[in-house]
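# A look at the structure
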Amino acid sequence: MRSKHAYAILLATTLGGVGCHGGEAGPTGLSDGSLGQSADKGQSAALTQLSGSRGLDAASFAPAAKVGDERVYKLNYRGTAEVDLRLLAGAMAKMMGTGDTAANAHAGGSNGAATGALSAASLTPQLTHQRVGHDLSATLHSRVVAVDETGYITAARLQQVAYVVDGATDSRRELLETPFLMTFERTGALRKAEFPKQFPDVLRRSILGLVEPLQVVTGEPGQKSWLTKEREGESVFRTRYEVGATHDGIAELKKTRVDLLSNELTAMKAALPSASHTRIEKSATTIAWSVGERALERMTATERMSTLIGKAPFSTRDGVFTAERVTAPLAALGTTLAEATTALHDPKFARARMYEVDKRYAGKIAGLDARTAVTAFRAATAKMPIEGHGLIKNYARLKPTACVEISRELDTIATDEHVGFGWSALAAAGHIEAQTVLASVIADASFKPDSREKALIAVMDVEMPEPFLLDAVWKIRGALTKTTGLSSMAVSIA
C-alpha cells in the first residue's frame, strides 16, 4: 500500500490491532456436514419463546452455522494514523546511548540500524510528524463449506474493493479480491485465515483489517454480560459484551475493549524503548443481532488508541468501522471445502507476491520519490550493482504507480554504465504496472534508443509476462531493424 513512511505506518496501524492474521493455526479436521443437532434443538426451541431481551443470554449469540449458509456484508473502515517520528528517534537514541534528545537523533547514531534509519527519515521536516488517512470499503461474500463440533469454515472473498490512502486509490483491487478461508470456533472467535501461498502480508493485513472486527464471541450460557479474549492481528484484547434490548427479532449487543493484553510491542522489545505502552482511549461497538438466524445483521465500531513513549504519544490511531448485511448475488466461491481449498492454489493469484517488499529494503526506500529512488540506485550500483537492483525492484513493488516516473528518471541516465540494472529491476518487480511501463517504453520513440533497448532486453527478466507485453514486443519486432541506435542483440531478443 502507498505510504509516506513504511515503518511508521506499520507501527501506527498494527500496534492498535488493525488486521494481520486471524489467530494461531489450530487443527481443522472439518468435513462437509451440519452442526450436531442434539445441542441445537434445545437452543432453537428456547429461542422461539423469546420476547424482548429478558430471555437472552450469551448462548443466544452463539452463531448457528450450517453448510451452504451464504451472507454478504457491506463493510467500511475510515480512519487516520498519526506518528511522531522525532519523539521515537529521540527515545531510541537515548535508550541506545547515542544521545538523549530528538535533536541528537537527527544527527544519526552509529549504534543500531533502527536508530540510524529513523534518524535519516527525520532529517526531512515533513517526515517528523506523519498523518495518514485510510478509507477502505468493500462487500464481503461468504459461504459456509464445513462444520463440525469444534466450529466451522467459510469460503470468502471481498468484492467492489475501494482502498484510498491519503487521497490516492490503490491499484491492486484484483489482489484484494483474492478468495480466502476463515476457520471459526463454535464461540464465534476467528481461529485462523488462509490465503494463497506467498500472498503479500500487507494485503493480508488490509483484508483481515475488514474481516476480523466482525467477530462476535459468545460467553457461558446464562450470562447477560461476559468477558472474552479476542485477537485481531497481533493484538489480543480483553473484551466485554453486554446484552441490550430486543426489537422485532433484532437484539442489541454492546461490545467494549477493556484492556490490551498483548500486541506487536510484545514481539518488538528491541525495536522500541522499554517505556513504550499502548492504551485504549475509546472503544464502543454496537451490534444488531438476528435472534432467529443467530447471525450478525449490522455493526458500528468506533475506536481510538495511542502508543506512548513515557507519557508522550508516539502514535495514535482512530477510526470508524461499519458492517451491514445486504442482499446481493454471491461472488464465485467454492461450495465444498475441497473446492474452496483448490481456489487458493489458482495460478493467477501467484501474481500477488509481486507486490511483496523485501524487509531488508523497506527502511531504505521509505519516504523516497522516484527521483531520489533513482539517485539512491546510482549510489548503490556504483558499489554493488545487485543492491541497486534490489532497491529499484522493491521501490517499484512498494509504489507500483511510480513505475512511469522511474522509467523517465532512468531515461535521463540512459548512458550510465549501470542503468541496465534499473530496467532489469523494473522487470523483476513483475507486476502489471511494471510490465505496462516496459511495453510503453520499447514502443515510445520519445525515449532514448539506449533506454528502449535496455527495456527490451529487460523483458527477459519478467517472470510472468502478460499477453499485452508479448504483443508489444511482437509489434515492434519488425520495426527494430529500421530503428537506428538499436543493437543486434535487441533485435535478436525480440
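Predicted model, so just to flag it, every value in this text is computed and none were measured. (Residues numbered from 1 in each chain as written. Predicted model: local features only at pLDDT ≥ 70, side-chain atom pairs only at ≥ 80, totals over all residues. Heavy atoms only, no water.)

### Digging into the packing of helix H14 (residues 419-429) against helix H16 (residues 449-458)
Contact geometry for H14 and H16: axes closest at 8 Å, N-to-C directions at 45 degrees. Relative to H16, the element H14 is oriented oblique. Crossing of H14 over H16 shows right-handed handedness. Where H14 approaches H16, its residues Val419, Gly420, Trp423, Ser424 and Ala427 are matched on the opposing element by Ser451, Lys454, Ala455 and Ala458. (Axes fitted to C-alpha atoms, helices over the stretch in contact; angles between N-to-C directions. Helix = DSSP H or I, 4+ residues; strand = E, 2+ residues; numbered from the N terminus. Parallel < 35°, antiparallel > 145°, perpendicular 65-115°, else oblique. Left-handed = near helix turned anticlockwise from the far one by under 90°. Contact = heavy atoms within 4.5 Å.)

### Remarks on helix H11 (residues 370-383)
Between the first and last C-alpha of H11 there are 20 Å, a value that for 14 residues agrees with the 20 Å anticipated at 1.5 Å per step. Among all positions in H11, only Ala370, Ala373, Val374, Phe377, Ala380 and Thr381 are buried. Viewed along the axis of H11, the buried residues span an arc of 125 degrees, placing them on a single side of the element. In H11, those exposed residues whose orientation departs by more than 90 degrees from the buried face are Arg371, Thr375, Ala382 and Lys383. Buried positions along H11 lie against helix H12 (385-398), helix H13 (403-412) and H14. Between a side-chain oxygen at the N-terminus of H11 and the backbone nitrogen of Arg371 the separation is 3.3 Å; the capping residue is Asp369. (Expected span 1.5 Å × (residues − 1). Buried < 20%, exposed > 50% of the residue type's maximum accessible area, 1.4 Å probe, protein only. Arc of directions from axis to C-beta. Polar contact = N/O pair within 3.5 Å; in protein donor to acceptor, adjacent residues only side chain to side chain.)

### Quick word on the packing of aromatic side chains
Enumeration according to the criterion identifies six aromatic pairs in this entry. Relative to Phe195, the ring of Phe180 has its centre 5.0 Å away and its plane inclined at 15 degrees; by these criteria the two rings are stacked. Residue Phe180 is found in strand E5 (residues 180-185), and its partner Phe195 is found in the loop between strand E6 (190-194) and helix H7 (201-211); the two are separated by 15 residues along the sequence. Residue class for Phe180 comes out buried when judged on its relative accessible area of 1%. (Phe/Tyr/Trp six-rings, centres within 6.5 Å; stacked < 30°, edge-to-face > 60°.)

### Quick word on the pairing of strand E11 (residues 295-309)
Taken across its 15 residues, E11 has 11 buried, putting it largely inside the fold. The pairing of strand E10 (residues 276-290) with E11 spans 14 bridges and is classified as antiparallel. Along E11, the bridge assignment pairs Arg279 with Ser306. Between E10 and E11, which pair antiparallel in sequence order, lie four residues; one of them, Arg294, sits at a positive phi of approximately 50 degrees. Where E11 and strand E12 (residues 312-325) come together, 12 bridges link them in antiparallel fashion. Bridged to Leu308 within E12 is Pro313. (Pairing = 2+ DSSP bridges.)

### Quick notes on empty space enclosed by the protein
Per the stated rule, a full pass over the model turns up four cavities of 30 Å³ or more. Approximately 410 Å³ is the volume attributed to the largest cavity. What lines the largest cavity is a set of 24 residues, and nearest its centre among them are Arg71, Tyr73, Tyr152, Phe184 and Leu296. Only strand E1 (70-84), strand E2 (129-148), strand E3 (151-165), E5 and E11 provide two or more residues apiece to the lining of the largest cavity. Per-element tally for the lining of the largest cavity: the top contributor is E2, with four residues. Looking at the lining of the largest cavity, its residues break down into 16 nonpolar, four polar and four charged. (1 Å grid on protein atoms, 1.4 Å probe; cavity = no way out; pocket = protein on both sides within 12 Å on 5 of 7 lines; lining within 4 Å. Points joined across faces, edges and corners; volume = space filled by probe spheres on them. Nonpolar A, V, L, I, M, F, W, Y, C, P; charged D, E, K, R; others polar.)

### Some details on the pattern of salt bridges
According to the stated counting rule, one finds 25 salt bridges in the structure shown. One salt bridge in this structure joins Lys192 and Glu194, with 3.7 Å as the shortest N-O distance. On the basis of relative accessible area, Glu194 is assigned to the partly exposed category, the value being 27%. The salt bridge partner of Asp259 is Arg238, with a shortest N-O separation of 2.8 Å. With Asp259 in strand E9 (residues 250-262) and Arg238 in strand E8 (residues 235-247), this residue pair connects regions lying 21 residues apart in the sequence. In this structure, a network of salt bridges that share partners links the residues Arg71, Glu293, Glu297 and Arg325. (Salt bridge = Lys/Arg side-chain N within 4 Å of Asp/Glu carboxyl O.)

### A word on the nonpolar core
Grouped together as the largest cluster of nonpolar side chains are 52 residues, with contacts concentrated most on Leu75 and Phe321. When neighbours within four sequence positions are excluded, Leu75 is seen to be in contact with Leu136, Ser137, Ala138, Leu140, Leu158, Leu210, Leu214, Phe321, Thr322 and Ala323. In terms of nonpolar packing, the next biggest core, distinct from the first, is built from 40 residues, Ala370, Val374, Phe377 and Leu469 among them. (Core = buried A, V, L, I, M, F, W, Y, C linked by side-chain atoms within 4.5 Å.)

### Some thoughts on unusual backbone geometry
One non-glycine residue with positive phi stands out, namely Asp248, at about 50 degrees. Its location among the elements puts Asp248 in the loop between E8 and E9.

### Comments concerning the confidence of the model for the protein
The predicted coordinates of low-pLDDT regions are not to be read in fine detail. Summing up the model confidence of the protein, the mean pLDDT is 79 and the portion of residues at 70 or higher is 73%. Every residue in residues 98-126 is under pLDDT 50, and counting partners more than four places away or in other chains gives 43 contacts. (pLDDT = per-residue confidence, 0-100.)

### Focus on the side chain of Ser407
Here Ser407 shows up in helix H13. Residue contacts for Ser407: discarding those within four places in its chain leaves Trp423, Val437, Val441 and Phe447.

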